[in-house]
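# Examination of the molecular architecture
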Amino acid sequence: MSGKGAPETGSIDGSGLDVVVIAATWHEVITDGLIAGARRVLDASGASWRLVRVPGSFELPVAAQVALESGADAVVALGVIIRGGTPHFEYVSSAATDGLTQVALNTGRPVGFGVLTLDDEQQGLDRAGLPGSKEDKGAEAADAALRTALVL
Ligand code: DLZ
């Protein structure tokens, strides 16, 4: 994994797991990088997975809840929220973060958290697993969701 302090991890056997990746549509280049990172980890693990798109990060929790209640073993939630000139950033960030936490606790199933809350676009490009990125947060979220599903 790529984040500072993140553990070095080996390969994952996700065969038999059914994972739903849910991605918001805002900030397309960064989000596409996150999806690609998640895809790399999921494909390498052998898990079966599909992609669901929602309009914005605010909609991630309800889609995650429906996926898990419909039988998915894990969800990977991906979104990009960039601070603007109004308090909207705080509301959308809190709703996504708190909502996804509640979904994981209510369903007892893992939600990989790949929602980036950023001051500017460059911070996202640095973390999106793109050429030149320092980190790969989509891959990290997928890795965490798989590893948690395997121990629950
Ligand atoms: C409205 C809004 C704004 C201002 N910014 C973002 C953002 O940076 N990232 C994101 O994922 N979504 C944003 N949204 C959309 C909300 O998440 C939501 O889709 C709308 O408020 C409609 O419910």
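Residues numbered from 1 in each chain as written. Predicted model: local features only at pLDDT ≥ 70, side-chain atom pairs only at ≥ 80, totals over all residues.

- Labelled according to an unreviewed UniProt entry, the chain appears under the name 6,7-dimethyl-8-ribityllumazine synthase, originating from Microbacterium lushaniae.
- In its Catalytic activity (unreviewed entry) section, the UniProt record describing the chain reads: "(2S)-2-hydroxy-3-oxobutyl phosphate + 5-amino-6-(D-ribitylamino)uracil = 6,7-dimethyl-8-(1-D-ribityl)lumazine + phosphate + 2 H2O + H(+)".
- Heading Pathway (unreviewed entry) of the UniProt record for the chain holds this comment: "Cofactor biosynthesis; riboflavin biosynthesis; riboflavin from 2-hydroxy-3-oxobutyl phosphate and 5-amino-6-(D-ribitylamino)uracil: step 1/2." (UniProt positions renumbered as here; feature names shortened; annotations may be inferred.)

## Some words on the site of the ligand
- Around the ligand sit 14 residues, and of these A24, W26, G56, S57 and F58 come closest.
- Considered class by class, the residues forming the shell around the ligand number eight nonpolar, five polar and one charged. (Near = placed C-beta within 6 Å. Nonpolar A, V, L, I, M, F, W, Y, C, P; charged D, E, K, R; others polar.)

## A short note on the packing of helix 1 (residues 28-45) against helix 5 (residues 137-151)
- Taken N-terminus to C-terminus, the directions of helix 1 and helix 5 make an angle of 40 degrees; their axes are 6 Å apart at the nearest point. Of the possible angle classes, the one that applies to helix 1 and helix 5 is oblique. Seen from above, helix 1 lies across helix 5 with right-handed handedness. Together, G33, L34, I35, A36, G37, A38, R40, V41, L42 and S45 of helix 1 and K137, G138, A139, A141, A142, D143 and L146 of helix 5 make up the contact between the two elements. (Axes fitted to C-alpha atoms, helices over the stretch in contact; angles between N-to-C directions. Helix = DSSP H or I, 4+ residues; strand = E, 2+ residues; numbered from the N terminus. Parallel < 35°, antiparallel > 145°, perpendicular 65-115°, else oblique. Left-handed = near helix turned anticlockwise from the far one by under 90°. Contact = placed C-beta atoms within 7 Å.)

## Details of the sheet that holds strand 3 (residues 74-82)
- Spatially, 2-1-3-4 is the arrangement adopted by the four strands of the open sheet, whose pairing is parallel. Each edge of the open sheet carries a strand with a single partner, namely strand 2 (48-54) and strand 4 (111-118). When the angles between neighbouring strand axes are averaged without regard to direction, this sheet yields 15 degrees.
- Pairing analysis gives five bridges linking strand 1 (residues 18-24) to strand 3, with the strands arranged parallel. Looking at strand 3, one finds that V20 is bridged to V75. (Pairing = 2+ DSSP bridges.)

## Some points on the pairing of strand 4
- Counting buried residues along strand 4, six of its eight residues qualify, which places the element largely inside the surrounding structure.
- The pairing of strand 3 with strand 4 spans eight bridges and is parallel. For V80, the partnering residue across the bridge sits in strand 4 and is L116.
- With helix 3 (residues 88-107) bridging strand 3 and the parallel strand 4, this β-α-β connection has right-handed handedness. (Buried ≥ 20, exposed ≤ 12 C-beta atoms within 10 Å, placed from the backbone. Right-handed = clockwise from strand over helix to strand, strands pointing away.)

## Structural notes on helix 5
- Compared with an ideal rise of 1.5 Å per residue, which puts 15 residues at 21 Å, helix 5 spans 21 Å between its outermost C-alpha atoms and is within 8% of the ideal.
- Helix 5 sits mainly inside the fold: eleven of its 15 residues count as buried.
- Turning to helix 5, its buried residues number three or more, namely K137, G138, A139, E140, A141, A142, D143, A144, A145, L146 and A149.
- Residues of helix 5 that are buried make contact with strand 1, helix 1, strand 3 and strand 4. (Expected span 1.5 Å × (residues − 1).)

## Some details on the nonpolar core
- Judged by nonpolar contacts, the single largest core of 45 residues is most densely connected at V19, A38, V75, A77, L78 and A145.
- Those elements that provide at least two residues to this core are strand 1, helix 1, helix 2 (60-69), strand 3, helix 3, strand 4 and helix 5.
- With sequence-adjacent residues up to four places away left out, A145 is seen in contact with V19, A74, V75, V76, P110, V111 and G112. (Core = buried A, V, L, I, M, F, W, Y, C linked by C-beta atoms within 7 Å.)

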